[in-house]
Amino acid sequence: MAEATPKKPPDWKHITEPIHDAESLKQESINANHDHLITEIETSDGPLGTTLRAVYEGKELSKFRIRLDDKIRNHDREIERMCNFHYQGFIDSIRELLTVRQDAAKLKDEVQQVDQHLQESCVPLMTKGEELVKCRRIQGNIATAVESLNLCLPVLEMYRKLQEQMTSRRFYPALKTLEQLEHTYLPRVNSHWFAQTMADDIPKQRESIKEASMSDLKDFLENIRKHSGKIGEVAMLHAAEQNNMDPAIVKATRKKTKKRRAPPPPNPFTGEVDAPPPPVIQDEEDEIEDSADSDFLSDDDDVWELSAQDLIDFSPVYRCLHIYSVLGDRERFETYYRKQRWKQARLSLQPPSNMHESLDSFKRYFHDIVGFFVVEDHILNTTQGLVNRAYIDELWEMAVSKLAASLRTNTVQCKDTSMLLDVKNLIILFCHTLRGYGFSVGHVLELLLEMRDQYNDVLTRQWVDIFNEIFSEDNYTPIYVESIEEYTAIVTQFPIQDENLERESFPKRFPFSQFVPDVYNQVKAYINACLKYSADLHLSHTEIDDMIRKSTNLLLTRTLGSCLSSLIKKPSLTLLQLIQISINMNYLEKSCLYLEEYISSITGAQNDSVHMARLHGTTMFKDAKSDAEEHIYKQLNLKIDEFMDLASYDWLLPEAKGHASGYVIDLVAFLQSTFMSFTNLPDIYLHLLEKVAKTACMSACKHIANSLKEFLLDNEIRQLTMGSLQQFNLDLIQCEQFAASEPIPGANDGNLTLAFAGIRQLLDLFLNWDWSLYLADYGQTNSKYVRVQPQVALSLLEKLHNADKKKNTIFGSLNKKERDKKKLLDTVLKQLRGLVNGSTQQIQG
């Protein structure tokens, strides 16, 4: 069965009607919006940007155009209707205007005629009026100009004054003028162009003032560096006068002094200069020489009467300080000044090259340093805060350290004591000078004590040459005087107290040679030289005495002792010269007591004897005397060795010659003449030489005995005969006779012969062939041959045995006497070897 067609709902028409109504509402809304926009366009007097933007941003632009065109056409119809309505009135108005036009033309002509007539009538009046206006204008301009000139003239006058002050370098008044110009006068003429130009130029003027004042300060610093030496010289001269010191130690050698006085310095605030003193007539060359410095430093003959500060014009410093203070830049100025002066201090403290070679170099060195600190002290006392005490103290500490180092270096190289004394005096005066200005000089004075050792060293080296020259010029013979004048001259030079010598008649002979008073006087001269250095050191009498005694001890023990030791060791000295040196040492030893008294007298320390140190010269002279005596003995022994070297023994001699050898005879003759010279000396020497002579004689005898014993025991001698021993015995007898002959008076105690006892017993043992007694008494203290050692006897016996072996033949061996002798010799040799071995074993055990 087919489906039935659906039927349309009964309310369909009712649903579509609201749709047509919505579209009409939308169209009405758009039309209303367009009308509103068109109304705004019509009524708005301002910009239409907002309205046009709303038109173009909408989606119905074409409809808006249609709507706008409709609106335009409506207005055109209204305009046309309105024009049609008012056209007749417009025509009437035009006609009236044409009538008025004719009246207006006529009126214009009449007005022109009246105007022309008026113009012609007013020409003279207008001419006079214009002239009056012109005159009034000129009069007003003149009044204005006068008023402006009255305001500008003081400004221009102040500016001219400023320029003059700048030209005359019166900088501090120029600053005052600048201040008045800037704060008082220029504000009155601000309307003028030159006022601004001047205002702009004021900072430049202030800078130029600062630069100019700084330039003056630099010139001042340069000049003060050049003339610090002169300032210091004047200050030290005044200090020398105040401390009663010789002014000559201050002045250095200079060229011809100048004769021009520097003009008085200008007032640093007003710039005014007092009338200069009349010039002093001088040579043209001197005037040329002085022209460079006359404006800065006064160097007239009256300069020494002025203080050191009066020689200098400090106004550049004061002026520059005040200018920088006023301009608010004082700290910069202080920093610059201190920095520059610190550099100059280092330059002043730098010593000249080879300063140790010239005293003038030392003087100029001290002058520069003193001058520098005199200037700084004056700046400290005359300015407020440019330099302070802490800055000065720091500068002084640096100066003291560098000064001490420079003086140590240069004084060590100085080899002249007079220059060292002058340097010491300069240092003392340097300390007095700066102490007067408030500087602490304790460390500088301590340097003098260090220099004292250097001075003593140089002094000691000089005295080495002096002593050596004295020794080289001495003849080493007693001083011989023939008159009371000559005697008095020696006694005043050297303290000697000898009643026997005083009672002797002229001519007289002193026991010592010339070098004794010469050495004594030179030691006193050394003491005086040491005392010169102690002057003005403010030391007590005890300190000076101890210092001089210490130096004198060094002179005696090291210098003089070394020179005496070198003198005594000279091989060219004879025995008599050595004897004279030994005698001289006795008197120099006694002179030490007088030297001690002399030191006490010149130092004023007699009352302080408890603290006085003894001189070591006594011990030194004793040692030198012993050394001289030892060399006497050595010289004598060397001479003996020369004779011994002439000995020529034939150790295989069958029989003795019957007389002593020639060298022994010559040796004894030499010894007799030598010791005879001891006994022939004046009686004044006998008590001095008795011990030396006895010791020398004993030493000579012992040396001869040892030399003779060495001849017998020489290892190169392998054989000897009884004949050679007999000849040797003759030589020994000759020596024993010399020892027994009492070569020295008072030497008869037998000690000299004891020197030959050992070799005598040895020869007697062999010559007497007394072996049984020797072997029987061996080891006993009362043995006849107690001085004969088994080793010595064995060595000599073996040499005899070797000689016998050589001469024995076959026929000799058949001789019963020879056989017995050989048998006995073998037995003695065997026993001696036993004694030697036994003693060796005993020693080893």
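Residues numbered from 1 in each chain as written. Predicted model: local features only at pLDDT ≥ 70, side-chain atom pairs only at ≥ 80, totals over all residues. Heavy atoms only, no water.

Draft legend 1. Up close: the overall build of the protein chain. The number of helices and strands found in the protein chain is 26 helices and two strands. For the protein chain, buried positions account for 40% of its 845 residues. For the protein chain, the share of sequence-separated contacts (at least 6 apart) that also reach a separation of at least 24 residues comes to 79%. For the protein chain, the accessible surface area stands at approximately 48800 Å², while carbon and sulfur atoms represent 53% of it. (Helix = DSSP H or I, 4+ residues; strand = E, 2+ residues; numbered from the N terminus. Buried < 20%, exposed > 50% of the residue type's maximum accessible area, 1.4 Å probe, protein only. Contact = heavy atoms within 4.5 Å. Areas by Shrake-Rupley, 256 points an atom, 1.4 Å probe, with all protein chains shown as cover.)

Draft legend 2. Geometry of helix α17 (residues 575–603). With 29 residues, α17 should reach 42 Å at 1.5 Å per residue; the first-to-last C-alpha distance of 41 Å fits that figure. In α17, a bend of some 30 degrees at Cys592 exceeds every other bend along the element. Directly beyond the C-terminal end of α17, a positive phi value near 75 degrees is found at Gly604. (Expected span 1.5 Å × (residues − 1). Bend = angle between axes of the 7 residues up to and from the residue.)

Draft legend 3. Summary view of the nonpolar core. Counting residues in each nonpolar core, the largest one holds 185 residues, and the members touching the most others are Trp396, Phe430, Phe467, Phe471, Leu671, Leu708 and Phe756. Setting aside its immediate chain neighbours within four residues, Leu671 contacts Leu636, Ile640, Ala700, Ile704 and Phe738. Counting residues in each nonpolar core, the second largest holds 20 residues, with Val155, Leu162, Ala174 and Leu181 among its members. (Core = buried A, V, L, I, M, F, W, Y, C linked by side-chain atoms within 4.5 Å.)

Draft legend 4. Seen up close, a nonpolar patch on the surface. Residues Phe90, Ile94, Leu97 and Leu98 make up a contiguous nonpolar surface patch of roughly 390 Å² in combined accessible area. For Phe90, the location among the structural elements is in helix α3 (residues 61–167). (Patch = residues over 30% accessible without salt bridge, like charges linked within 9 Å, V, L, I, M, F, W, Y side chains within 5 Å. Salt bridge = Lys/Arg side-chain N within 4 Å of Asp/Glu carboxyl O.)

Draft legend 5. Structural context of the packing of aromatic side chains. For the structure shown, the criterion picks out 32 aromatic pairs. Measuring from centroid to centroid gives 5.3 Å for Phe494 and Tyr520, while their planes differ by 85 degrees, and the two rings are edge-to-face. Highlighted residues: Phe494 in the loop between α13 (484–493) and α14 (499–503) and Tyr520 in helix α15 (residues 515–534), separated in sequence by 26 residues. You can call Phe494 buried: its relative accessible area is 1%. Each ring, one from Phe766 and one from Trp771, has its centre 5.0 Å from the other, and the planes form 85 degrees; the classification is edge-to-face. (Phe/Tyr/Trp six-rings, centres within 6.5 Å; stacked < 30°, edge-to-face > 60°.)

Draft legend 6. Layout of the confidence of the model for the protein chain. Summary statistics for the protein chain give a mean pLDDT of 77 and a share of 84% for residues scoring 70 or more. Mean pLDDT across the secondary structure elements of the protein chain bottoms out at helix α6 (residues 284–290), with 37, and peaks at α13, with 86. Here residues 255–263 scores under 50 on pLDDT; set against residues more than four positions off or in separate chains, the count is 36 contacts. Note that residues 298–304 has pLDDT below 50 and, in this model, 25 contacts with residues that lie over four places away or in other chains. (pLDDT = per-residue confidence, 0-100.)

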